[in-house]
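Each chain, letter by letter, is given below.
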Amino acid sequence: MTDLTPPAAERHLGTSDIAISPIAWGMWRLADNGRSAGEAARLVHAALDAGITLLDTADIYGFDGEGGFGDAESLLGEVLTAEPGLRGRMVLATKGGIRPPLPYDQSPAYLAEAIDASLRRLKVETIDLYQIHRPDILAHPQEVARALEDAVASGKIRALGVSNFTQSQIEALVHFLDPPLVTTQPEISPLRIDCFENGELDQAMRLGLTPMAWSPLGGGRLLNAESERDKQVVAALDLVANAQGVSRAVAAYSWLMAHPAGIVPIIGSQSAERIAEGAEALGVRWTRQDWYAVLVAARGEDLP
Ligand code: NAP
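Below, the discussion takes up the pairing of strand S5 (residues 91-96). Moving residue by residue along a regular strand, the side chains alternate between the two faces of the sheet. Of all the six residues making up S5, six are buried; the element is thus mostly covered by neighbouring parts of the structure. Neither face of S5 is open: one carries Val91, Ala93 and Lys95, the other Leu92, Thr94 and Gly96, and all of them are buried. Where strand S4 (residues 54-56) and S5 come together, three bridges link them in parallel fashion. Its bridge partner lying in S5, Leu54 is registered against Val91. Crossover S4 to S5 through helix H2 (residues 71-82) is right-handed. In this fold, S5 hands off to helix H3 (residues 108-122), which returns the chain to strand S6 (residues 127-132); that crossover is right-handed.

Listed below in structure tokens is the structure:
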């Protein structure tokens, strides 16, 4: 019943000197439902006041299939214009490389254009972490690396990451990239456990990448389990949640954070109370037995 090592209260983005909180807040749904800049500011304050300093957005957030590209970034830009002091309190992460109606474009010309457009919408001079959102199969990694290096050299970007890349796509980009890659952002949750056994997290540890987990509650499915397998996962999480007096969502974040790769869950809630509650995950302790019980429930079969 040995306790796992508690997550570090402060860390850095990969091997960079950029200090981050061990849990992030995501703004995928920030511009939904006509949210005003005042309401968005309340959410930003909720995250920062709870010590959640890594804020994750993307140029595509707000896109509804026809329009809205850039809306989430623009809304955050309004918040930062109204309260410029907020900028220095956050590590600002965004993403680009998805280009509707194409699926993806990471040609050097488009990436340079996309980075400038994100800076304009966010109304900032520098993006702390720029991530390629999804890999463009038609872009040579050497060309992508060159475009990203140019943006770093000109001071537009401080650090670089990827999302939804395969391990070999990461290897290829890292091979050509001069500044270190600092993050990878796959989907990870107690309902999406591939990366624990497919080598993704091993690669992150080997390369010194911080894994940022998107949809850490399975997009909310963990709060509304329907299948027998999902219910088993929920039961294993609830045992720990109830014993330690936290919510199931907090138990799920802390389960991810107990992994030695230093997974940073990205809270997806757009409720000030639920964002702030996420910070409690730092105080939850896992034993090996309880941790493996969640994994086994998610696998649907025992480990060998
Ligand atoms: P999630 O945490 O798995 O799901 C969040 C959803 O669960 C929200 O709709 C939230 O609703 C709901 N929810 C219900 N009960 C909740 C509770 N007790 N606590 C918290 N949430 C609860 O995360 P996600 O929104 O799918 O993704 C999180 C972030 O990951 C995004 O904002 C984005 O930054 C990133 N992301 C990245 C990619 C990528 O391809 N790189 C893809 C998807 C997401 P309320 O808002 O009402 O709380």
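Taken together, 27 residues form the shell around the ligand, and within it Arg29, Asp56, Ser215, Ser269 and Arg274 come nearest. At 3.4 Å, a backbone N or O of Gly26 approaches an oxygen atom of the ligand. A distance of 2.8 Å is found between an oxygen atom of the ligand and a backbone nitrogen or oxygen belonging to Gln270. For the ligand, whose unbound accessible area comes to 910 Å², protein coverage reaches 85%. Residue classes in the shell around the ligand are distributed as ten nonpolar, twelve polar and five charged.

Cis geometry marks the peptide bond from Pro100 to Pro101; its omega dihedral reads 0°. Relative to the helices and strands, Pro101 resides in the loop between S5 and H3. Phi angles above zero are rare outside glycine, and Lys123 is one such case at about 60°. By the element assignment, Lys123 lies in the loop between H3 and S6. Given the relative accessible area of 52%, Lys123 is considered exposed.

An ideal rise of 1.5 Å per residue puts 16 Å on twelve residues; H2 measures up with 17 Å between its terminal C-alpha atoms. Turning to H2, its buried residues number three or more, namely Ala72, Glu73, Leu75, Leu76, Gly77, Val79 and Leu80. Buried residues along H2 sit against helix H1 (37-49), S5 and H3.

This part is about the packing of aromatic side chains. All told, the structure shown has five aromatic pairs when counted by the stated rule. Judged by centre distance (5.2 Å) and plane angle (70°), the rings of Phe196 and Trp255 are edge-to-face. Of this pair, Phe196 sits in helix H6 (residues 194-197) while Trp255 sits in helix H9 (residues 248-257); the two residues are 59 residues apart in sequence, bridging distant segments of the chain. With a centroid separation of 4.6 Å and an interplanar angle of 15°, the aromatic rings of Trp255 and Trp291 are classed as stacked. One end of the pair, Trp255, is in helix H9; the other, Trp291, is in helix H11 (residues 288-299), with 36 residues separating them in the sequence. Judged by its relative accessible area of 0%, Trp255 is buried. The class of Trp291 is buried, set by a relative accessible area of 8%. Aromatic rings pair up to connect Phe196, Trp255, Trp291 and Tyr292 into one cluster. Between the NZ or CZ atom of Arg29 and the centre of the ring of Trp28, over which it lies, the distance is 4.4 Å.

Bringing the nonpolar core into the picture now. Ranked by size, the top nonpolar core spans 85 residues in total, and within it Trp25, Val44, Phe196, Leu237, Trp255 and Trp286 carry the most contacts. When residues of this core are assigned to their parent elements, the largest contribution, eight residues, is made by H9. If sequence neighbours within four positions are ignored, Val44 has contacts with Trp25, Leu55, Leu76, Val79, Leu86 and Met90. One finds Leu54, Val91, Val182 and Val264 within the second-largest nonpolar core, a separate group that totals 13 residues.

Rules used throughout
Along each chain, numbering runs from 1 in the same order as the chain's sequence is written. Local features in this predicted model are restricted to residues whose pLDDT is 70 or higher, and side-chain atom pairs enter the listing and the counts only when it is 80 or higher, whereas totals over whole chains, interfaces and linings include all residues. With hydrogens and water stripped out, all remaining heavy atoms of the structure feed into the side-chain values. Each residue's exposure class comes from its accessible area (1.4 Å probe, protein chains only) as a fraction of the maximum for that residue type: buried when under 20%, exposed when over 50%, partly exposed otherwise. In DSSP terms, a helix is any run of H or I states spanning at least four residues, a strand is any run of E spanning at least two, and both are numbered starting from the N terminus. In short, DSSP must find at least two bridges between two strands for them to pair. Classification remark: right-handed applies to a crossover when, strands pointing away from the viewer, the course from the first strand over the helix to the second runs clockwise. For each residue, the test is whether any non-hydrogen atom lies within 4 Å of the molecule or strand; if one does, the residue is near. Two N or O atoms form a polar contact when they lie within 3.5 Å of each other; inside protein one atom must be a possible hydrogen donor and the other a possible acceptor, and for residues adjacent in sequence the pair counts only when both atoms belong to side chains. Methods summary: accessible areas were calculated by the Shrake-Rupley approach with a probe of 1.4 Å, and residue burial reflects only the protein chains presented. Charged means Asp, Glu, Lys or Arg here, nonpolar means Ala, Val, Leu, Ile, Met, Phe, Trp, Tyr, Cys or Pro, and polar covers whatever is left, Gly included. Any helix carries an expected span of 1.5 Å times its number of residues minus one. Contacts are assigned to residue pairs that have any heavy atoms within 4.5 Å of one another. Ring geometry is summarised as follows: Phe, Tyr and Trp rings, the Trp one being its six-membered ring, pair when their centres sit within 6.5 Å, and such pairs are stacked at plane angles under 30 degrees, edge-to-face over 60 and tilted between the two. We count a charge as sitting over a ring when the NZ of a lysine or the CZ of an arginine lies within 6 Å of the ring centre and within 35 degrees of the ring normal. Think of a nonpolar core as a cluster: buried Ala, Val, Leu, Ile, Met, Phe, Trp, Tyr and Cys residues, connected wherever their side-chain atoms sit within 4.5 Å.

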